[in-house]
Amino acid sequence: MPVKKTAADRKPESRTALVRRARRINRELAEVYPYAHPELDFQNPFQLLVATVLSAQTTDLRVNQTTPGLFAKYPTPEDLAAADPEAVEEILRPCGFFRAKTRSVMGLSKALVEEFDGEVPGRLEDLVKLPGVGRKTAFVVLGNAFGRPGITVDTHFQRLVRRWRWTEESEPDKIEAAVGALFPKSEWTMLSHRVIFHGRRICHARKPACGACPIAALCPAYGEGETDPEKARKLLKYEKGGFPGQRLNPPQSYLDAGGKPAPPLGAG
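Thresholds, definitions, all that
Residues numbered from 1 in each chain as written. Predicted model: local features only at pLDDT ≥ 70, side-chain atom pairs only at ≥ 80, totals over all residues. Heavy atoms only, no water. Disulfide = S-S within 2.5 Å. Helix = DSSP H or I, 4+ residues; strand = E, 2+ residues; numbered from the N terminus. Buried < 20%, exposed > 50% of the residue type's maximum accessible area, 1.4 Å probe, protein only. Expected span 1.5 Å × (residues − 1). Phe/Tyr/Trp six-rings, centres within 6.5 Å; stacked < 30°, edge-to-face > 60°. Lys NZ or Arg CZ within 6 Å of the ring centre and 35° of its normal. Axes fitted to C-alpha atoms, helices over the stretch in contact; angles between N-to-C directions. Parallel < 35°, antiparallel > 145°, perpendicular 65-115°, else oblique. Left-handed = near helix turned anticlockwise from the far one by under 90°. Contact = heavy atoms within 4.5 Å. Arc of directions from axis to C-beta. Core = buried A, V, L, I, M, F, W, Y, C linked by side-chain atoms within 4.5 Å.

> Mind laying out the state of the cysteines, listing which residues take part and the relevant values?
By definition, a disulfide links the sulfur atoms of two cysteines through a covalent bond. Going through the model one piece at a time under the given rule, you end up with zero disulfides. The thiol sulfur of Cys210 is not disulfide-bonded, and the nearest other cysteine sulfur, from Cys219, lies at 6.5 Å.

And the structure:
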């Protein structure tokens, strides 16, 4: 198991060495999470856009438990744009900040109807003009609904790439640029999924499970969390710890690998 080094022990890493280490981490994560995927349930770009906006400051699980009722009642942008705000607020209440989120999803629905004929645009510059939609949300939609590469810089991604010293930047757009420069563009979307999967399951914010981490030998921050293998295994979350994942309707590849779907709202 790696030995924790102090800052004084570490030699400066060349750009070439950084790129090699970063890409090796990505390859290792691809083996650990061959079923990595967006953990929001969706059937079309509109559903993914709304779900991603709703996921701010809550879990994907909570969103997935909530959106079936929303989309059953308001399946299209036209429906949601014309909805009674109080009725939408009641549906979105479990997601937290439900009033602000209601304004956002109704606002973006209205914008889709008025500016894009009710269709979600497939360009970054159009998506970020919609109410409540920033670059992170736009790249989730572009990468997973349109197959256009993008890096999703959420809180997990920010935490891990800084722990791995891929960048020292702290602003999302600068992190996006710095990390993007380390990888071919074709890798960006799946890289995002793998890093986020790893952050949710093993490399947690408060107590990373270092002793159960498959890339510990490549991690400059090894030792910040629990290094004892037995204790570390008890910290694992979702399917790594034998627990359900975030999606009610996950991809078949995830289920085939032993992943468990999340329970519906109110279950358990």
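Alright, that's what it looks like, and here's the rest.
> Pulling in residues and values, what's your account of the environment of Arg99?
Position of Arg99 among the secondary structure elements: in helix α6 (residues 98–116). Since its relative accessible area comes to 49%, Arg99 is described here as partly exposed. Between the alpha carbons of Arg99 and Ala22 there is a distance of 41 Å; along the sequence they are 77 residues apart.

> Account for helix α11 (residues 188–201), naming residues and giving values.
Along its 14 residues, α11 runs 20 Å from first to last C-alpha, staying within 8% of the 20 Å computed at 1.5 Å per residue. In terms of burial, α11 is a largely internal element, 13 of the 14 residues being buried.

> Can you lay out unusual backbone geometry for me, pointing to particular residues and giving the numbers?
You will see that Gln57, though not glycine, has its phi angle at about 60 degrees, which is positive. Mapping Gln57 onto the fold places it in the loop between α2 (45–54) and α3 (60–73).

> Tell me what's going on with the environment of Glu168, and back it up with residues and numbers.
Topologically, Glu168 is positioned in the loop between α9 (155–163) and α10 (172–180). Classification of Glu168 by relative accessible area gives exposed; the value is 75%. Taking C-alpha positions, Glu168 is 25 Å from Leu124, a pair spaced 44 residues apart along the chain.

> Let's hear about the packing of aromatic side chains: which residues, and what values?
Taken as a whole and assessed by the stated rule, the structure comprises six aromatic pairs. Three or more aromatic residues joined by ring pairs form one cluster here, namely Tyr33, Tyr35, Phe197 and Tyr254. One Lys or Arg, Arg201, reaches over the ring of Phe197 and ends 3.7 Å from the middle of that ring.

> How would you explain the packing of α9 against α10 if you had to name every residue and give the values?
Their axes nearest at 11 Å, the elements α9 and α10 cross at an angle of 55 degrees. Overall, the two elements α9 and α10 adopt an arrangement that is oblique. For the element pair α9 and α10, the recorded crossing hand is left-handed. Here α9 contributes Phe157, Gln158 and Val161 to the contact with α10, which in turn contributes Pro172, Ile175 and Val179.

> Describe helix α1 (residues 15–32), with residues and values.
Between the first and last C-alpha of α1 there are 26 Å, a value that for 18 residues agrees with the 26 Å anticipated at 1.5 Å per step. Here α1 has its buried residues at Leu18, Val19, Arg21, Ala22, Ile25, Asn26, Leu29 and Val32. The buried residues of α1 occupy an angular sector of 165 degrees when projected down its axis, which confines them to one face. Turned more than 90 degrees away from the buried face of α1 sit Arg20, Arg27 and Glu31, all of them exposed. Looking at the packing, one finds that the buried side of α1 touches α11.

> Please set out the nonpolar core residue by residue, giving values where relevant.
In globular proteins that are soluble, nonpolar side chains generally tend to be buried together. Counting residues in hydrophobic clusters, the biggest one holds 38 residues, and the most contacted among them are Tyr33, Phe157, Trp164, Trp166, Val179 and Phe183. For this core, the secondary structure elements donating two or more residues are α1, α9, α10 and α11. Residue contributions to this core peak at six residues, all from α1. Those residues in contact with Trp164 that sit more than four places away from it in its chain are Arg21, Ile25, Leu29, Val195, His198, Ile215, Cys219 and Pro220. Residues Phe71, Val105, Met106 and Ala111 belong to the second largest nonpolar core, which totals 34 residues.

Remember, this is a structural readout, not a statement about activity or role.
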